[in-house]
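As a plain string of letters, each chain reads:
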Amino acid sequence: LDPDPTRLPDLRSARALALARLGRGDEAESELRAAINANPDNARTYLRGGLAHYLRGKREEALELLRQTHRVNDPGLFRYQIVAARDLERLLS
């Protein structure tokens, strides 16, 4: 498959989250780095990365990525994602 290049950061960050849920942390980290490098302004990438780090027990890293969601917006978060990010950020603080 040849995905739309503008969607690649979303696809990679979604894959990173799925890999973290499967316990494949090193692969998740690699996918997350690739997603951030592809578009460092994608708030959804930082949300998924925060969730992935949280699942892996990396609380500080998760919190930092969640804080990034407030600083970037290309694309930004949907309303339900804003709520999820805020809730997880509050849990980690």
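In case you missed it, the structure is sitting above this.
Residues numbered from 1 in each chain as written. Predicted model: local features only at pLDDT ≥ 70, side-chain atom pairs only at ≥ 80, totals over all residues. Heavy atoms only, no water.

Observations concerning the overall build of the chain
Heads up, the rule is: Starting at the N terminus, helices and strands are each numbered in turn, a helix being any DSSP run of H or I of at least four residues and a strand any DSSP run of E of at least two. Buried, partly exposed and exposed residues are distinguished by accessible area as a fraction of the type maximum, computed with a 1.4 Å probe on protein chains only: under 20%, between the cut-offs, and over 50%, respectively. For accessible areas, the Shrake-Rupley method is used with a probe of radius 1.4 Å. Any residue's cover is judged against the shown protein chains and nothing else. The charge count treats Lys and Arg as positive and Asp and Glu as negative. His and the chain ends do not count. Think of each charge as sitting on NZ of Lys, CZ of Arg, CG of Asp or CD of Glu.
Check the secondary structure of the chain and you find five helices and zero strands. Listed by position from the N terminus, the elements making up the chain come as α-α-α-α-α. Across the 93 residues that make up the chain, the buried fraction comes to 42%. Roughly 5,700 Å² of accessible area belongs to the chain as shown, and the carbon and sulfur atoms make up 50% of that amount. Considering the chain, the positive charge centre built from 16 side chains and the negative charge centre built from 14 side chains are found 5 Å apart.

Observations regarding unusual backbone geometry
Cis geometry is adopted by the peptide bond preceding P75, which originates at D74 and carries an omega value of -5°. Along the chain, P75 falls in the loop between α4 (59–68) and α5 (79–92).

A closer look at the packing of helix α2 (residues 25–38) against helix α3 (residues 43–55)
Geometrically, a packed helix pair is captured by the angle between its two axes and the distance between the axes. So the rule is basically this: Axis definition: a line fitted to C-alpha atoms, limited for helices to the stretch in contact. Angles are taken between N-to-C directions and run from 0 to 180 degrees. Note on angle classes: values under 35 degrees are labelled roughly parallel, values over 145 roughly antiparallel, values of 65 to 115 roughly perpendicular, and the remainder oblique. Rotating anticlockwise by less than a right angle from the far helix to the near helix defines a left-handed crossing, while the corresponding clockwise rotation defines a right-handed one. Note on contacts: a residue pair is in contact if any heavy atoms of the two residues lie within 4.5 Å. When residues are sorted by character, Ala, Val, Leu, Ile, Met, Phe, Trp, Tyr, Cys and Pro go into the nonpolar class, Asp, Glu, Lys and Arg into the charged class, and all the rest, Gly among them, into the polar class.
Viewed as axis vectors pointing N to C, α2 and α3 meet at an angle of 160°, and their least axial separation amounts to 10 Å. In terms of axis orientation, α2 runs roughly antiparallel to α3. Relative to α3, α2 is oriented so that their crossing is left-handed. When α2 is examined against α3, the residues E29, L32, A35 and I36 are found in contact with a partner set consisting of T45, Y46, G49 and H53. Of the residues assigned to the contact of α2 with α3, the class counts are four nonpolar, three polar and one charged.

Examining the pattern of salt bridges
Applied cut-off: By convention in these notes, a salt bridge is any Lys or Arg side-chain nitrogen within 4 Å of a carboxyl oxygen on Asp or Glu.
For the coordinates displayed, the defined rule picks out nine salt bridges. Two residues, E31 and R12, come together in a salt bridge whose shortest N-O distance is 2.9 Å. Taken together, the positions of E31 in helix α2 and R12 in helix α1 (residues 8–21) put the pair 19 residues apart, joining distant regions of the chain. Overall, the relative accessible area of 28% leaves R12 in the partly exposed class. Using a relative accessible area of 9% as the deciding quantity, one classes E31 as buried. Through salt bridges with shared partners, a single network forms among D10, R44 and R48.

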